[in-house]
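What the coordinates show
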Amino acid sequence: MSQPILIFDMDGVLVDVTESYRETIARTVEHFTGRRLAPAEIQQFKNQGGWNDDWKLSHHIVAEAGVDTPFEQVKVHFQSIFHGNGTDGLMLREQWVARPGTLEKLNRQFRFALFTGRPKWEAELTLQRFAPELEFSPIVGMDEVRRHKPDPEGLLQILDANPGAKAYYVGDTVDDARCARAAGAPFIGIAPPSNPLYIDLVFLFQEQGAYAIVDDINYLEEVFAE
Ligand SMILES: [Mg+2]
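Below: a short report on this structure. (Residues numbered from 1 in each chain as written. Predicted model: local features only at pLDDT ≥ 70, side-chain atom pairs only at ≥ 80, totals over all residues. Heavy atoms only, no water.)

1. Side note on the pattern of salt bridges
Throughout the structure, instances matching the rule amount to 16 salt bridges. Of the charged contacts in the structure, one is a salt bridge between Arg-27 and Glu-23, with a shortest N-O distance of 2.9 Å. Taken together, the residues span about one helical turn, with Arg-27 and Glu-23 both in helix α1 (residues 21-33) at a distance of 4 residues. Assessed through its relative accessible area of 32%, Arg-27 is described here as partly exposed. Here Arg-178 and Asp-175 are joined by a salt bridge, their closest N and O atoms 3.9 Å apart. Here the residue Arg-178 and the residue Asp-175 both occupy positions in helix α8 (residues 174-183), the gap between them amounting to 3 residues, near one helical turn. Since its relative accessible area comes to 2%, Asp-175 is described here as buried. Bridged by salt links that share partners, the residues Asp-11, Glu-94, Arg-118 and Arg-129 form one connected network. (Salt bridge = Lys/Arg side-chain N within 4 Å of Asp/Glu carboxyl O. Helix = DSSP H or I, 4+ residues; strand = E, 2+ residues; numbered from the N terminus. Buried < 20%, exposed > 50% of the residue type's maximum accessible area, 1.4 Å probe, protein only.)

2. Brief notes about the coordination of the magnesium ion
Every protein donor of the magnesium ion is accounted for by Asp-9 (OD), Asp-11 (O) and Asp-172 (OD), and the metal-donor separations fall at 2.1 to 2.2 Å. Each donor residue of the magnesium ion belongs to the same chain, with the gaps between them written as D-x1-D-x160-D. In this pair, Asp-11 sits in the loop between β1 (5-8) and β2 (15-16) while Asp-172 sits in the loop between β6 (167-171) and α8, placing the two residues 161 residues apart along the sequence. Of the residues examined, Asp-172 reaches a relative accessible area of 11% and is grouped as buried. (Donors = N, O, S within 2.8 Å, 3.2 Å for Na, K, Ca; no water.)

3. A few points about helix α7 (residues 153-161)
Among the residues making up α7, those that are buried are Glu-153, Gly-154, Leu-155, Ile-158 and Leu-159. Against the buried residues of α7 lie β1, β4 (111-115), β5 (136-140), β6 and α8. (Contact = heavy atoms within 4.5 Å.)

4. Brief notes about the pairing of β4
Burial analysis of β4 places 4 of its 5 residues in the buried class, which makes it a mostly covered element. As defined by bridge partners, β1 adjoins β4 across 4 bridges and the pair is classed as parallel. Pairing of Ile-5 across the sheet is with Arg-111, part of β4. Pairing between β4 and β5: 3 bridges, direction parallel. If you follow Leu-114 over to β5, its bridge partner there is Ile-139. Where the polypeptide runs from β4 across helix α6 (residues 120-130) and back to β5, its parallel neighbour, the crossover connection is right-handed. (Pairing = 2+ DSSP bridges. Right-handed = clockwise from strand over helix to strand, strands pointing away.)

These values are about where atoms sit, not about what they do.
This is how it looks when you write it as structure tokens:
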């Protein structure tokens, strides 16, 4: 029997992106529309599903506000806030969620893989920064798939490369849950009580038949406790 696999989503799972991606969406939209979004408004889109790509989501909200701006322009502005000049980008506000030792312990029981909507190089940068000693293999990012989440293509790539291995997908959005369901992988939902639409998110995960729902990845160990 091959070792079971934990496939992680990155944002909202391994990394707390409240102050990075979510804040970048808010600032980008504010830049083009003059209106400041509430965190719950962004979460509402995420709960709706289909808004895994934060560039597309930002562009959509800008367009919905009646501001006609090309997608590329929104994306460039978004990236300029997220990366800044390399030392002042909001990316640096990302917080690694796992407490020291948590993932190392899980890694004795599971192999790790990553399926994220980020570009692969951006995901690798974050892993290098916070967990250089942990191996995630493979890393499937936005350019490694033709169809993005909730399409299961990325998960299926990982499952097909590991025939016979039990694999779980750990994600924080309804798109992640749908994606796992479509791939036939048990889904573990991350729903932090600090989420502005926490209860809705828990219900959405339950509706999708989640295998387990936890506050954050530090509780994963309890899911697999005998
Ligand atoms: Mg996520």
